[in-house]
Amino acid sequence: MYVPPAFREEDLSVIHQTMRDAPLAHLVTAGPAGVVATPLPMLLVAEEGEHGVLYGHVSRGNPHWRAEVAGDAMAIFMGPDAYVSPSWYPSKQRDGKVVPTWNYVAVHAYGPVEFFDDAARLLTVVSALTERHESGRDAPWAVSDAPQDYVAAQLRGIIGVRLPIARIEAKRKMSQNRNAEDRAGVAAGLAQSHRDGDRKAAALIPK
């Protein structure tokens, strides 16, 4: 990922929060057969390793886990994003030298991927993912709510994913390259949008 210095995010705690806030990641691998990508929720365990470890699972029927992998895998996490109209820049009124752009937050996590089908490990991953996404609900569902034999059968239909993070690239492109006046104009424009992602992006633009 191309990351100019103005947009580089290096605070690991901020990067990890972006990853936790992303409900769906994309696991990407490359090998002799080409590039393969699978969208899947991934769980970050920040306490494991230098940069954390990612866990998830794919369907046993998904050929991705059988594909030969050359080098590291990559997990992509996207944060808020928004189209930026040149009409929001006050500087447009002075010289007209402005063009559209896109603001976004992205994290690329790289590392050696492991696929596994051990039932106990799978149950731990599935239970942790479920707890993460069910927490805060009025009546959260738990894996233990389902019959044990049913859960065991479901586990046989999936393959676990473990990705120890060896390297992270993080980008927060939120109009930092514009002056304060233009940044304020972009924030105001996005804040008035009906799109939730636009309003979230507005809140991330530096004052």
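Quick notes on the rules
Residues numbered from 1 in each chain as written. Predicted model: local features only at pLDDT ≥ 70, side-chain atom pairs only at ≥ 80, totals over all residues. Heavy atoms only, no water. Helix = DSSP H or I, 4+ residues; strand = E, 2+ residues; numbered from the N terminus. Buried < 20%, exposed > 50% of the residue type's maximum accessible area, 1.4 Å probe, protein only. Contact = heavy atoms within 4.5 Å. Areas by Shrake-Rupley, 256 points an atom, 1.4 Å probe, with all protein chains shown as cover. Pairing = 2+ DSSP bridges. Axes fitted to C-alpha atoms, helices over the stretch in contact; angles between N-to-C directions. Phe/Tyr/Trp six-rings, centres within 6.5 Å; stacked < 30°, edge-to-face > 60°. Arc of directions from axis to C-beta. Salt bridge = Lys/Arg side-chain N within 4 Å of Asp/Glu carboxyl O. Core = buried A, V, L, I, M, F, W, Y, C linked by side-chain atoms within 4.5 Å.

The name given to the protein chain in an unreviewed UniProt entry is Transcriptional regulator, with the source organism recorded as Bordetella flabilis.

Within the protein chain, the regular secondary structure consists of 6 helices and 9 strands. Each principal axis of the C-alpha distribution contributes one length, and for the protein chain these read about 70 × 45 × 30 Å. Looking at the protein chain as a whole, 42% of its 207 residues qualify as buried. Partitioning the intrachain contacts of the protein chain with sequence separation of at least 6 by distance along the chain shows that 74% fall at a separation of at least 24. With an accessible surface of roughly 11,300 Å², the protein chain has 54% of that area assigned to carbon and sulfur atoms.

A few words on the environment of Phe-7. In this fold, Phe-7 is placed in the segment before helix H1 (12-21). The spatial distance from the C-alpha of Phe-7 to the C-alpha of Ala-33 is 34 Å, given a sequence separation of 26 residues.

Spatially, the 5 strands line up as an open sheet ordered S2-S1-S5-S6-S9, and their pairing is antiparallel. Two strands lie at the open edges of the sheet, namely strand S2 (34-40) and strand S9 (167-173), each paired on one side alone. Averaged over all pairs of adjacent strands, the angle between strand axes in this sheet comes to 20°, irrespective of strand direction. Summarising the sheet, strand S1 (residues 25-31) and S2 pair through 7 bridges and their orientation is antiparallel. Across the sheet, Thr-29 pairs through a bridge with Val-36, a residue of S2.

Counted according to the given criterion, the structure contains 1 aromatic pair. A ring pair is formed by Tyr-83 and Trp-102, whose centres lie 5.9 Å apart and whose planes are at 65°; its orientation type is edge-to-face. In this pair, Tyr-83 is assigned in strand S5 (residues 73-84) and Trp-102 in strand S6 (residues 101-111), connecting sequence segments 19 residues apart. Taking the relative accessible area as the measure of exposure, Trp-102 reaches 42% and is therefore partly exposed.

It is worth spelling out helix H6 (residues 196-204) at this point. Buried residues of H6: Gly-197, Asp-198, Ala-201 and Ala-202, and no others. The arc that holds the buried residues of H6, viewed along the axis, is 145°, so those residues lie on one side.

A few words now on the pattern of salt bridges. Side-chain pairs of opposite charge can arise where the charged atoms are in close proximity. According to the stated counting rule, one finds 11 salt bridges in the structure shown. The partner of Arg-162 in a salt bridge is Glu-48, and the shortest N-O contact between them spans 3.3 Å. Placement of Arg-162 in strand S8 (residues 158-164) and of Glu-48 in the loop between strand S3 (43-45) and strand S4 (53-59) is noted, with a sequence separation of 114 residues between them. For Glu-48, a relative accessible area of 28% gives the class partly exposed. Arg-137 serves as the salt-bridge partner of Glu-134, at 3.6 Å between the closest nitrogen and oxygen. On the accessibility criterion, Glu-134 (18% relative accessible area) is buried.

Further remarks concern the nonpolar core. Ranked by internal contacts, the top residues of the largest apolar core, which has 22 residues, are Met-19, Met-42, Leu-54, Phe-77, Val-161, Leu-163 and Ile-165. Counting only elements with at least two residues in this core, the list comes to H1, S1, S4, S5, S6 and S8. In terms of nonpolar packing, the next biggest core, distinct from the first, is built from 14 residues, Val-45, Val-126, Val-143 and Ile-158 among them.

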